[in-house]
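# Fold and contact review
Spelled out, the chains give:
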Amino acid sequence: MLNLMKLHAVNRSTLFLFGCLLYFGGSAILNSDTSPILIIRFLQLTGLSFIFYNFFFLVKKQNSRLTSFCFCFFVILGVFIMIRGNYLTVMSVLNKVYDRMGLMLYLTPLIYFILSENVLKKMFSLFFLMSLLFVVLILLSYRALFTEFGFVVISQLTAFLGSTSIILFYFIRSFGLKYKIVIFISLGLLFIFATLMARRGLVLDIFIAFFLNIVGVVIFGDNNSKQKIKILFFIFFLSLIAWRGYGYLSTTLFSNLIEKGMTDTRSQVEFMFIDDVFSNVSDVFWGRGIDGVYYAPGIESSGEEYRNLIETGFLHIILKGGILFLIPFLVFLICAICKGFASKSYFSHQSALFLVHFIVSLYPGSPFVFCPKYLFVWVAVWSIYTNQKNNIFR
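So, here is what we can say about the structure in this document. (Residues numbered from 1 in each chain as written. Predicted model: local features only at pLDDT ≥ 70, side-chain atom pairs only at ≥ 80, totals over all residues. Heavy atoms only, no water.)

## Regarding the pattern of salt bridges
- Tallied over the entire structure, the rule returns six salt bridges.
- A salt bridge links R288 to D276; the nearest nitrogen and oxygen atoms lie 3.2 Å apart. Of this pair, R288 sits in the loop between α14 (281-286) and β1 (294-295) while D276 sits in helix α13 (residues 267-277); the two residues are twelve residues apart in sequence, bridging distant segments of the chain.
- With a relative accessible area of 21%, R288 lands in the partly exposed category.
- Close ionic contact of E311 with R307 constitutes a salt bridge, the shortest N to O distance being 2.8 Å. (Salt bridge = Lys/Arg side-chain N within 4 Å of Asp/Glu carboxyl O. Helix = DSSP H or I, 4+ residues; strand = E, 2+ residues; numbered from the N terminus. Buried < 20%, exposed > 50% of the residue type's maximum accessible area, 1.4 Å probe, protein only.)

Quick look at the structure:
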């Protein structure tokens, strides 16, 4: 009987993560006027059904009361953001359920209450499957890059499916050779297509991941001076290539990225945001809720004068939840980072480096959406506070 109960728990965790795969897969091809919207909505709704139904069977008591309280606190703050929205029509409710910046975003901390070593292993299997799926889909549809519809789809594939390879890269030393090859292929394709599409935020994400992993090896790696010297020479060699390659890249397909990287497209929007939102103290303190917008005329090609998002992550959090959400959120992550660095566990070290990556990327980008990267933020915090073992993948 006990074995049967354990089998049910294993199956439910698999179904829960399968629901995440369906939801993220649907979101990966959503942002296009020509997307098959009915199919996408069906995938997302099916995924959400798997997520919510199996969640309640997987909930269990966690050991740390303080950490459990902190996660509940962020769920309460999320509910406070959610209730300040328009729910007058069925469509307005459904849009918040489907939207990456909707209800699921603020319910994500609840994942803490179902996490276990078994769920964590399966989550990494899910991320590996998504990276592999990205490689297959991107190779099959690369010609679509030269069409308007294909450009949007590939852009979403890189942001949702391909970005899982960045998460896996932080723990690459724990995987076998075959897994490492797939991760590097996925990262390589991610970099190439992000560069071709001038997705500077995604390109910067990859560079941050490489830099932090090198730092991690130097600081937390084996006490082998020769190995660390090799790594420093490797860094110097990469820097030299980057410097010498700049002139060449600026005259090739990479010129789009170089040109966009040198163009300031954020300051004007940020000044508009500050002029509107910071003029009201209450908006700065607790934000404008899930439907919060700010006045930014002349930015949207559609002519819309109000925007519901801003590409700078810190400001986006203030728009929705104010500093009431932002400051506790950052303090909580920084505390987890400090604890992770103080740990002797490789998994905790890498989880802490990933959290540093997330905080740093809140300025050049806005990862504050319901996506694999944001989901893993809370998983990383859990793994640090539970001090996960180094051999978790074995």
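## Section: the packing of aromatic side chains
- Taken as a whole and assessed by the stated rule, the structure comprises 41 aromatic pairs.
- Both rings, one in F71 and one in F332, keep their centres 5.6 Å apart while their planes meet at 85°; by these two values the pair is edge-to-face. A residue pair is termed long-range when its members are at least 10 positions apart, and F71 in helix α3 (residues 65-82) and F332 in helix α15 (residues 313-342) qualify at 261 residues.
- You can call F332 buried: its relative accessible area is 7%.
- By the ring-pair criterion, three or more aromatic residues cluster together here, those being F71, F73, F74, Y112, F113, F325, F329, F332, F358, Y374, W378 and Y385. (Phe/Tyr/Trp six-rings, centres within 6.5 Å; stacked < 30°, edge-to-face > 60°.)

## Section: α13
- Along α13, the positions that sit buried rather than exposed are V269, E270, M272, F273, D276 and V277. Buried residues of α13, viewed axially, fall in a sector of 160°; they line one side. Turned more than 90 degrees away from the buried face of α13, the exposed residues are Q268, F271 and D275.
- Buried residues in α13 make contact with α14, β1, β2 (306-307) and α15. (Arc of directions from axis to C-beta. Contact = heavy atoms within 4.5 Å.)

## Considerations on empty space enclosed by the protein
- The full count for this structure, using the stated rule, is one cavity of 30 Å³ or more.
- In this structure, the largest cavity encloses a volume near 30 Å³.
- What lines the largest cavity is S163, I166, I167, D205 and K373.
- Tallied by class, residues from the lining of the largest cavity come to two nonpolar, one polar and two charged. (1 Å grid on protein atoms, 1.4 Å probe; cavity = no way out; pocket = protein on both sides within 12 Å on 5 of 7 lines; lining within 4 Å. Points joined across faces, edges and corners; volume = space filled by probe spheres on them. Nonpolar A, V, L, I, M, F, W, Y, C, P; charged D, E, K, R; others polar.)

## Considering a nonpolar patch on the surface
- Side chains of V79, F80, I83, F285 and W286 sit close together on the surface and give an oily, nonpolar patch of about 450 Å² of accessible area.
- Looking at the nonpolar patch, the elements with two or more residues in it are α3 and α14.
- Inspection of the secondary structure puts F285 in helix α14. (Patch = residues over 30% accessible without salt bridge, like charges linked within 9 Å, V, L, I, M, F, W, Y side chains within 5 Å. Areas by Shrake-Rupley, 256 points an atom, 1.4 Å probe, with all protein chains shown as cover.)

## Section: the environment of G216
- Topologically, G216 is positioned in helix α10 (residues 200-220).
- Each C-alpha atom of the pair G216 and L353 lies 7.4 Å from the other, and the pair is 137 residues apart in sequence.

## Comments concerning the environment of Y346
- With respect to the element layout, Y346 can be found in helix α16 (residues 346-361).
- Note: C-alpha distance between Y346 and F171 (175 residues apart in sequence) is 8.7 Å.

None of this, on its own, says anything about what the molecule does.
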